[in-house]
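A closer look at the structure
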Amino acid sequence: MRFEKHCWAEIDLDALTSNYRWICRHVGGPVCCVVKANAYGHGSLAVADALSRAGAAAFAVSCLAEARELRRHGIRQPILILGYTQPEFADELAALDITQTLFSIEYGRALSAAAVRAGCVVHCHLKLDTGMGRIGFALRTDFDAAVRQMEACCTLPGIAVTGAFQHFAVADSTRPDDIAYTDRQHALFDRAVERLRADGFAIGMVHCANSAAQLTHPQWRCDLVRAGIILYGLPPSSQVPVEMLQPVMRLKALVTHVKWVQPGQSVSYGRTFTAEKPVRVATVSVGYADGYPRLCSGRGVMTIRDRAAPVLGRVCMDQTMVDVTQIPGVQPGDEVLVFGPGAAPGADNACTLAEKAGTISYEIVCGIARRVPRLYLSGGTAQVRYYDMM
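Described in the following lines is the structure provided in the data block. (Residues numbered from 1 in each chain as written. Predicted model: local features only at pLDDT ≥ 70, side-chain atom pairs only at ≥ 80, totals over all residues. Heavy atoms only, no water.)

1. Structural notes on the nonpolar core
As a reminder of what qualifies: Working definition of a nonpolar core: buried Ala, Val, Leu, Ile, Met, Phe, Trp, Tyr and Cys residues. They are joined through side-chain atoms within 4.5 Å. Burial classes follow relative accessibility: with a 1.4 Å probe on protein chains only, a residue under 20% of its type's maximum area counts as buried, one over 50% as exposed, and anything between as partly exposed.
If you look at the biggest cluster of nonpolar residues, it comprises 124 residues, and the most contacted ones within it are Leu51, Phe59, Leu126 and Phe339. Grouped together as the second largest cluster of nonpolar side chains are eight residues, Val261, Val267, Ala275 and Val279 included.

Structure follows, in structure tokens:
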């Protein structure tokens, strides 16, 4: 297959569907696949295609643009927007059969008014804030007031409430106080759902378990679980391992130049590395504009010829230099595994790279740039796609 190899991400769709099937077996119920942020950098269209064929019950995205893209691509499963949509787009939400998160009485009234003007009905899931503190009806502040507001939303014209959900803040932590906090969130959520039903409101589908919660509390599956980072084979945190799942992404690049750097000579911007002895340096065609963190300057370790190649000096926008002194035969055109499964001992995967950059693996994979082509692997075939949000 011929494509421009500057830097590319290999996406193993077989690993993706294997992860999905394991989640289904582990949880034992329908799975809503979270494909926001270009499927965590993996490519939303190809990922949604594969998961749709595997039997995904629903999809979740962050905004209308992401939902619209899936619908235009032919995805027919229910789609939930987890964040905000301007009320003026009520007609499009209804026309595309997209479910909108409803998180306050003020937003509910604005969305209702827009739907009435457009002569349509928008399906919504109530978002209950039990401890995340992001968006949602504030059950912690005034439980009864929050319930009254949700019940008022259920009666608004142009609004059809078809579900209710929450999000855990620290389900990925095993600290005793965090475990207790997660338990309190779940108890508060259960109490609110029971109250709504007791008051005669049929709120439809109930879901609360994110990736971490479904691993640690599969009994909390309710009517649906939302699988995000674990679909892509990465752990919610170091405290919630996922050895049974397979990482889906490998980031690769090429060696473009090899040279010897002599004692006293420096490498890259800022002269942060100066050779104390002869060093064989390879230039690799990946940089921070591709999504390789500049914070990993002098800290990251790539894989070349199955050996670890430490980063030297500062990561540049489009290129990075590595030490190949101890790797015989390295030459221009050699393939480089920047991070991912199959890394050499001591070299980086997404989690170790994230740790060195002071962040989480979510940000590493989400940060892979649009200019980086995705090479999709499945059943022995490969297909290249250049992602472009419509």
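2. Considerations on the side chain of His6
To keep it simple, the criterion reads: The numbering of helices and of strands both runs from the N terminus, where a helix is a DSSP run of H or I of at least 4 residues and a strand a run of E of at least 2. By the criterion applied in these results, polar contacts are pairs of N or O atoms within 3.5 Å in which, for protein atoms, one can donate a hydrogen and the other can accept it, and in which residues neighboring in sequence qualify only through two side-chain atoms. The contact criterion used throughout is that any non-hydrogen atoms of two residues lie within 4.5 Å.
Counting through the fold element by element, His6 comes out in the segment before β1 (7-12). Taking relative accessible area as the criterion, His6 reaches 19% and is therefore assigned buried. Within polar-contact distance, the side chain of His6 engages the side chain of Asp290 at 3.2 Å. In this structure His6 touches Ala253, Leu254, Ser285, Asp290, Asp318 and Arg371, once residues within four positions along its chain are discounted.

3. Overview of the packing of helix α7 (residues 143-154) against helix α8 (residues 176-198)
Packed helices, taken two at a time, are described by the angle between their axes plus the distance between the axes. Convention followed: Lines fitted to C-alpha atoms define the axes here, with helix axes fitted over just the stretch in contact, and angles between the N-to-C directions of these axes take values from 0 to 180 degrees. We call two directions roughly parallel when the angle between them is under 35 degrees, roughly antiparallel when it is over 145, roughly perpendicular when it lies between 65 and 115, and oblique otherwise. Two helices cross in a left-handed way if the nearer one is turned anticlockwise from the farther one by less than a right angle. They cross in a right-handed way if the turn is clockwise.
Packing of α7 against α8 leaves a shortest axis separation of 11 Å and a crossing angle of 50°. Here α8 runs oblique to α7, going by the angle between their axes. Between α7 and α8 lies a crossing of right-handed hand. On the side of α7, the interface is formed by Phe143, Asp144, Val147, Met150 and Glu151, while α8 contributes Leu188, Arg191, Ala192, Arg195 and Leu196.

4. Examining the pairing of strand β6 (residues 122-129)
The line we're drawing: Paired strands, in this sense, are two strands between which DSSP finds at least two bridges. For a crossover, the right-handed case is the one in which the path from the first strand over the helix to the second runs clockwise, viewed with the strands pointing away from the viewer.
Of all eight residues in β6, seven are buried; the element is thus mostly enclosed. One ladder, built from three bridges, connects strand β5 (residues 98-102) with β6; its direction is parallel. Across the sheet, residue Gln100 finds its bridge partner in β6, namely Cys124. Handedness of the β5-helix α6 (residues 105-118)-β6 crossover: right-handed. Judged from the six bridges that link them, β6 and strand β8 (residues 159-165) form a sheet pairing that is parallel.

5. A short note on the layout of surface pockets
How we decide: Using only the protein atoms, space was sampled on a 1 Å grid; points where a 1.4 Å probe fits but cannot get out form cavities, open sets with protein on both sides within 12 Å along at least five of seven lines form pockets, and lining residues are those with an atom within 4 Å of a point. Grid points are joined across faces, edges and corners, and a volume is the space filled by probe spheres set on the points. Residues were grouped as follows: Ala, Val, Leu, Ile, Met, Phe, Trp, Tyr, Cys and Pro as nonpolar; Asp, Glu, Lys and Arg as charged; and all remaining residues, including Gly, as polar.
Volume-wise, the second largest pocket comes out at about 190 Å³. If you trace the second largest pocket, you find 14 residues lining it, with Ala58, Pro78, Thr99, His125 and Met205 closest to the centre. Grouping the amino acids of the lining of the second largest pocket by side-chain chemistry returns nine nonpolar, five polar and no charged.

6. Regarding the environment of Thr85
For Thr85, the position within the fold is in the loop between β4 (79-81) and α5 (90-95). Classification of Thr85 as buried rests on a relative accessible area of 3%. On a C-alpha basis, the gap between Thr85 and Val258 in space is 50 Å, while along the polypeptide they are 173 residues apart. Each residue touching Thr85, except ones within four places of it in the same chain, is listed here: Leu64, Leu93, Gln100 and Tyr107. A polar atom in the side chain of Thr85 sits 2.6 Å from the side chain of Gln100.

7. Some points on the packing of aromatic side chains
Threshold: Only Phe, Tyr and Trp rings take part, Trp by its six-membered ring, and two of them pair if their centres are within 6.5 Å. Stacked means planes under 30 degrees apart, edge-to-face means over 60, and tilted covers everything else.
Under the defined criterion, the tally for this structure stands at six aromatic pairs. Judged by centre distance (6.3 Å) and plane angle (35°), the rings of Tyr40 and Tyr362 are tilted. Remark: Tyr362 occurs in helix α11 (residues 361-366) and Tyr40 occurs in helix α2 (residues 36-40); sequence separation between them is 322 residues. Look at Tyr362 and you get partly exposed, because its relative accessible area is 24%.

8. Some points on the environment of Leu156
Counting through the fold element by element, Leu156 comes out in the loop between α7 and β8. Once the C-alpha coordinates of Leu156 and Val315 are considered, the two residues, 159 residues apart in sequence, prove to be 54 Å apart.

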